[in-house]
Amino acid sequence: MKRYIFKTIMSIVFIMGILTSCEDLKFGDAFLEKPMSDDVDIDVVFSEKKYADQALNQFYKSLPDFLGSWSAGPRIGAITLDLCSDIGYSMTSWERGTISASSKSWPYNLWHEGVVGSPFYGIRKAYIYIENVDRVPDMSTEEKIIRKAEAKVVIALHYVQMIRFLGGIPWIDHAYEANETFKLPRMTLEESVNKVCDLLDEAARDLPWHNPTDEELGHMTAAGAKALKFRLLMFVASPIFNANEPYYAGEAANKRLTWYGDYQESRWQRALNAGLEFLRMNVDDGNYYQIEDTDNPREDYVNGYFTRGNREVILPTFRWAIYKKGHKAYKQFDQGKGCPRGNYADMFQWKDGSPFDWNNPEHRKYPFFDAEGNPTRDVRLYENLLVNGDKWQKGRPAEVYEGGQQGYGTNSKVGQRTKYGYGFRKFIRNCDDEIINKPYSCPWIRMPEIYLNMAEVMNQLNMATQKDEFGRDAYDYLNLVHERAGLPPVTAETITAGTPLLEYLLDERAREFGQEDVRYYDMVRYKKGKEWATRPLEELKTRKNGNEFTYEVIIHNDSKYMWRDYWYLLPFPTNEINKKFGLIQNPGW
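Because the structure is predicted, anything quoted here is derived from the model rather than measured.

Peer 1: Hey, could you go over the pairing of strand β2 (residues 313-317) for me, with residue numbers and the actual values?
Peer 2: Within β2, 5 of the 5 residues are buried, which leaves it mostly tucked inside the rest of the structure. As paired elements, β2 and strand β6 (residues 442-446) share 4 bridges and run antiparallel to each other. Bridge pairing in β6 places P316 opposite P443.

Peer 1: Give a detailed account of empty space enclosed by the protein, specifying residues and quantitative values.
Peer 2: Counted by the stated rule, this structure contains 8 cavities of 30 Å³ or more. Estimated volume of the largest cavity: approximately 160 Å³. Along the walls of the largest cavity sit 15 residues, with R164, R231, E449, R509 and Y521 positioned nearest its centre. Listing elements by their share of the lining of the largest cavity, those giving two or more residues are α9 (222-237), α17 (447-460) and α20 (519-525). Within the lining of the largest cavity, the residues separate by chemical class into 6 nonpolar, 1 polar and 8 charged.

Peer 1: Residue-level account of helix α19 (residues 499-513), with values.
Peer 2: For an α-helix, 3.6 residues make a turn, and residues three or four places apart therefore share a direction. Between its first and last C-alpha atoms α19 spans 21 Å; for 15 residues at 1.5 Å apiece the expected length is 21 Å, and the two agree. Most of α19 sits inside the fold, with 11 of its 15 residues counted as buried. Considered for burial, the residues of α19 that qualify are L501, L502, Y504, L505, L506, E508, R509, A510, R511, E512 and F513. One or two positions beyond α19, positive phi appears at Q515, with a value near 65°.

Peer 1: Run through the side chain of R511, naming residues and quoting values.
Peer 2: By the element assignment, R511 lies in helix α19. Residue R511 is classed as buried on the basis of its relative accessible area, which comes to 3%. Residue contacts for R511: discarding those within four places in its chain leaves Y301, Y344, M347, F348, Q349, D378, R380, N384 and Y504.

Peer 1: Tell me about the packing of helix α7 (residues 141-166) against helix α8 (residues 189-204), residues and numbers included.
Peer 2: Between α7 and α8, the least distance of the axes is 9 Å, while the angle of their chain directions is 155°. As far as their axial angle goes, α8 and α7 are roughly antiparallel. In the packing of α7 onto α8, the handedness of the crossing is left-handed. Residue-level inspection shows A149, K152, V153, I155, A156, Y159, V160 and I163 of α7 in contact with α8, the latter providing L189, S192, V193, V196, L199, L200, E202 and A203.

Peer 1: Describe in detail the packing of helix α6 (residues 119-132) against α7, supporting the description with residues and values.
Peer 2: A packed helix pair is summarised by two numbers, namely the angle formed by the two axes and the spacing between the axes. Running from N to C, α6 and α7 point in directions that differ by 155°, and their axes come no closer than 9 Å. Of the possible angle classes, the one that applies to α6 and α7 is roughly antiparallel. Seen from above, α6 lies across α7 with left-handed handedness. Together, P119, F120, G122, I123, A126, Y127, Y129 and I130 of α6 and R147, K148, A151, K152, I155, H158, Y159 and M162 of α7 make up the contact between the two elements. Taken together, the residues that form the contact of α6 with α7 break down as 11 nonpolar, 2 polar and 3 charged.

Peer 1: Describe in detail the environment of R425, supporting the description with residues and values.
Peer 2: Looking at the element boundaries, R425 is found in the loop between β5 (423-424) and β6. Ignoring any residue separated from it by four or fewer positions in sequence, one finds R425 in contact with R298, Y382, E383, N384, L385, L386, D390, K391, R417, N430, E434 and Q515.

Peer 1: Explain the packing of aromatic side chains to me, and be specific about the residues and the numbers.
Peer 2: Within the structure shown, the criterion is met by 36 aromatic pairs. With centroids separated by 5.0 Å and ring planes inclined at 10°, the aromatic side chains of Y89 and Y561 adopt a geometry described as stacked. Here Y561 lies in the loop between β8 (548-556) and α22 (574-577) and Y89 lies in strand β1 (residues 88-89), a separation of 472 residues in the sequence. Centre to centre, the rings of Y248 and Y566 are 5.6 Å apart; their planes meet at 70°, and the pair counts as edge-to-face. Taken together, the residues span a long stretch of sequence, with Y248 in the loop between α9 and α10 (251-254) and Y566 in the loop between β8 and α22 at a distance of 318 residues. On the basis of relative accessible area, Y248 is assigned to the partly exposed category, the value being 31%. One aromatic cluster is present, built from ring pairs that chain together F66, Y301, Y305, F306, W320, Y323, F427, Y440 and W444.

Peer 1: A description of the pattern of salt bridges should follow, citing residues and the corresponding values.
Peer 2: Taken as a whole and assessed by the stated rule, the structure comprises 52 salt bridges. In this structure, E434 and R425 form a salt bridge, with 2.9 Å as the shortest nitrogen-oxygen distance. For the pair formed by E434 and R425, the shared burial category is buried. One connected set of salt bridges, linked through shared partners, spans E312, D378, R380, K426, R446, R484, E508, R511, E512 and E516.

Peer 1: Let's hear about helix α18 (residues 474-482): which residues, and what values?
Peer 2: Within α18, 7 of the 9 residues are buried, which leaves the element mostly enclosed by the surrounding structure. Among the residues making up α18, those that are buried are A474, Y475, Y477, L478, N479, V481 and H482. For α18, the secondary structure elements touched by its buried residues are α11 (265-284), α16 (380-384), α17 and α19. Two or three places before Y475, at the opening of α18, D473 has a side-chain oxygen 3.0 Å from that residue's backbone nitrogen.

Peer 1: So what's going on with the side chain of K144? Which residues, and what values?
Peer 2: With respect to the helices, strands and loops of the structure, K144 is situated in helix α7. In this structure, K144 is buried with no salt-bridge partner, the nearest side chain bearing the opposite charge being D134 at 5.1 Å. Of the polar contacts made by the side chain of K144, one reaches the backbone oxygen of V136; its length is 2.8 Å. If we ignore the near neighbours within four places in the chain, the residues touching K144 are V133, D134, V136 and M139.

Peer 1: Please give an account of the confidence of the model for the chain that cites residues and values.
Peer 2: For the chain, mean pLDDT is 88; residues scoring 70 or higher make up 87% of the total. Note that pLDDT drops below 50 for residues 1-36; the model gives that stretch 116 contacts with residues more than four away or on any other chain.

Peer 1: I'd like a rundown of unusual backbone geometry, residues and numbers included.
Peer 2: Most of the time, phi is negative for any residue but glycine, and the peptide bond is trans. A positive phi angle, close to 55°, is found at K394, a residue other than glycine. Looking at the element boundaries, K394 is found in the loop between β4 (385-386) and β5. Phi angles above zero are rare outside glycine, and K527 is one such case at about 50°. By the secondary structure assignment, K527 is in the loop between α20 and α21 (529-532). Exposure remark for K527: the relative accessible area of 32% places this residue in the partly exposed category.

Peer 1: Got a sec to walk through the environment of E312? Specific residues and values, please.
Peer 2: Here E312 shows up in the loop between α12 (297-305) and β2. Along the backbone, E312 and P448 are 136 residues apart, and their C-alpha atoms lie at a distance of 7.9 Å. Look past the residues within four positions of E312 in its chain and what remains in contact with it is Q290, I291, E292, G304, I445, R446, M447, P448, R484 and E512. Among the polar contacts listed, one links the side chain of E312 to the side chain of R484, at a separation of 2.9 Å.

Conventions and cut-offs
Counting from 1, residues in each chain are numbered in the order their sequence is written. In keeping with the model being predicted, local features are shown solely for residues with a pLDDT of at least 70 and side-chain atom pairs are shown and tallied solely at 80 or more, while totals for entire chains, interfaces and linings include all residues. Just so you know, side-chain values use all the structure's heavy atoms and leave hydrogens and water out. Any residue under 20% of the maximum accessible area for its type is buried, any over 50% is exposed, and the rest in between are partly exposed; the area is computed with a 1.4 Å probe on protein chains only. Secondary structure elements follow DSSP: runs of H or I no shorter than four residues count as helices, runs of E no shorter than two count as strands, and numbering proceeds from the N terminus. In this analysis, strands are considered paired if DSSP registers two or more bridges between them. Grid points spaced at 1 Å over the protein atoms alone were grouped into cavities, where a 1.4 Å probe fits but cannot get out, and pockets, open sets with protein on both sides within 12 Å along at least five of seven lines, with lining residues defined by an atom within 4 Å of a point. Grid points are joined across faces, edges and corners, and a volume is the space filled by probe spheres set on the points. Any residue outside Ala, Val, Leu, Ile, Met, Phe, Trp, Tyr, Cys, Pro, Asp, Glu, Lys and Arg is labelled polar, Gly included; the first ten of those are nonpolar and the last four are charged. Helices are assigned an expected span. That span is 1.5 Å times one less than the residue count. Contact definition: two residues touch when any of their heavy atoms are within 4.5 Å. Fitted lines through C-alpha atoms serve as axes, helices being fitted only where they are in contact, and the angles separating the N-to-C directions of these axes extend from 0 to 180 degrees. Roughly parallel means an angle under 35 degrees; roughly antiparallel means over 145; roughly perpendicular covers 65 to 115; every other angle is labelled oblique. Rotating anticlockwise by less than a right angle from the far helix to the near helix defines a left-handed crossing, while the corresponding clockwise rotation defines a right-handed one. The aromatic pairing rule takes the rings of Phe, Tyr and Trp, using the six-membered ring of Trp, and pairs them if the centres are within 6.5 Å, calling planes under 30 degrees apart stacked, those over 60 edge-to-face and the rest tilted. When a carboxyl oxygen of Asp or Glu lies within 4 Å of a side-chain nitrogen of Lys or Arg, that pair is called a salt bridge. The definition of a polar contact used here is a pair of N or O atoms within 3.5 Å, where within protein one atom must be able to donate a hydrogen and the other to accept one, and adjacent residues in sequence count solely through side-chain atom pairs. Positive charges are assigned to Lys and Arg, negative charges to Asp and Glu, while His and the chain termini are left out of the count. Residue-level confidence of the predictor, termed pLDDT, takes values from 0 up to 100.

Here it is as structure tokens:
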């Protein structure tokens with residue numbers, strides 16, 4: 001059933017569902033798998049804590065999740081957005097350019113038939129909760145304050161997503177009733193950013209820095225609110241919005257809906273202040289959030305992005321309770337609907353920190369493992385991508401070569417997954433014991449993002465080599481992430497400040513956050529669509545000759561994405577523009 005955004009909001013009535021079970025809210029396996037309904041009167045919902053907790057469950061279920069699947073998520077075919085950049089490839093109508101403002105297939109939808117990632121579903125449910133939870137007789141005042149603050153963070157998270165995809169947006173500040181006059185024009189970008197930051201600051205004042213018990217895992221925290229604020233301010237300080245010229249001219253640009261209207265260094269300073277605020281508050285809480293680092297680089301990396309409940313993940317979201325083979329999550333990667341590009345693999349450096357180079361005889365002979373079977377590259381390569389010779393199911397090495405069981409071709413047991421010489425591995429891992437029935441979580445914001453953001457913003461402010469109040473400069477923050485991967489430190493002598501350091505940081509983010517929807521947003525905020533998305537597809541042909549392997553890099557100049565500059569922001573649906581509620585379309589659409 002098709003629904004339209006603003007028509008839906010206008011028809012909101014104070015009816016919402018609860019689960020038929022009488023269990024209290026818990027972010028455990030049983031809770032995460034329960035279905036929802038919308039057929040219970042609001043007076044019943046807020047008559048007891050056990051029912052109100054299920055109302056809380058509803059807006060938490062709206063949180064986005066970048067781990068795609070066939071059946072859930074506001075995505076084209078539920079793909080991860082990194083496939084729309086230079087590190088992945090998946091031919092869809094979006095990348096072919098056969099789209100318009102009236103199309104249905106978008107990387108982001110304001111309203112869709114599912115629940116996960118649906119912003120207006122989540123915002124509506126959160127406001128209904130905020131406006132009614134004080135009626136619950138068997139909840140303490142303190143708990144009500146905390147739960148309302150959690151709802152505010154959920155609302156803000158959805159607005160952060162909308163700003164990153166659309167620019168300035170209408171602001172909803174309560175749950176609308178059917179008889180209310182409804183006309184919400186778009187706010188300017190600056191107004192939108194300030195509204196979200198204010199809401200996050202307000203919520204953080206009432207929340208604990210971290211969840212005090214395991215049962216509270218998944219509830220919003222002050223740390224999540226402040227990390228989200230830092231992410232937003234980093235995005236809007238970037239050239240897509242913070243520039244002396246708009247990314248694309250038009251009415252929306254003239255009215256400052258799709259950019260600030262000028263460049264100001266103070267926007268980078270505001271982002272730096274947000275990062276420092278997060279770090280101060282974390283120190284005050286005993287550095288609760290910290291990067292996983294036990295001197296076991298590959299396992300530390302796995303624990304940081306995959307293991308539920310670790311202290312590296314600041315803000316997790318939960319679509320399911322556990323991973324299930326072939327469906328949850330990343331079914332499209334398991335079946336080859338999205339494949340990594342060869343140039344992504346080439347971003348992962350040699351073990352001494354030098355760039356990988358197919359023209360180097362040693363690199364070409366041992367691109368992944370040396371003669372003794374030891375890794376030759378940045379260990380994150382082996383967790384992000386399935387490569388020839390890596391560990392696989394039942395202790396067997398992966399045969400990612402022509403004729404091999406994990407290669408592409410006649411004997412393949414992974415279908416099209418390694419069509420271009422590599423397969424995605426992250427999150428689906430070996431598709432067997434490494435994931436099946438393991439606790440599920442989506443690491444929406446991790447500590448490495450805080451550190452790499454700090455390095456980037458200090459570099460943008462020409463402070464790359466200046467020590468901050470924590471005794472770190474941009475290189476120190478970068479190396480907190482880089483050295484965790486078992487690599488030597490990056491110095492100002494090897495990578496100079498300014499543009500070289502920025503480019504290095506963008507690639508470091510790709511190495512750290514592959515398949516975590518970071519590369520796409522970096523492409524947008526630095527306006528690198530023509531440079532990244534239109535890159536020809538690179539394929540690695542691996543052949544086995546006896547016990548030796550040969551490698552051939554093939555450039556497919558006929559396989560590359562289109563790019564048009566107005567694609568940096570997505571359109572509002574034509575149907576909503578035509579309703580004359582005050583929406584102005586994004587330029588180019």
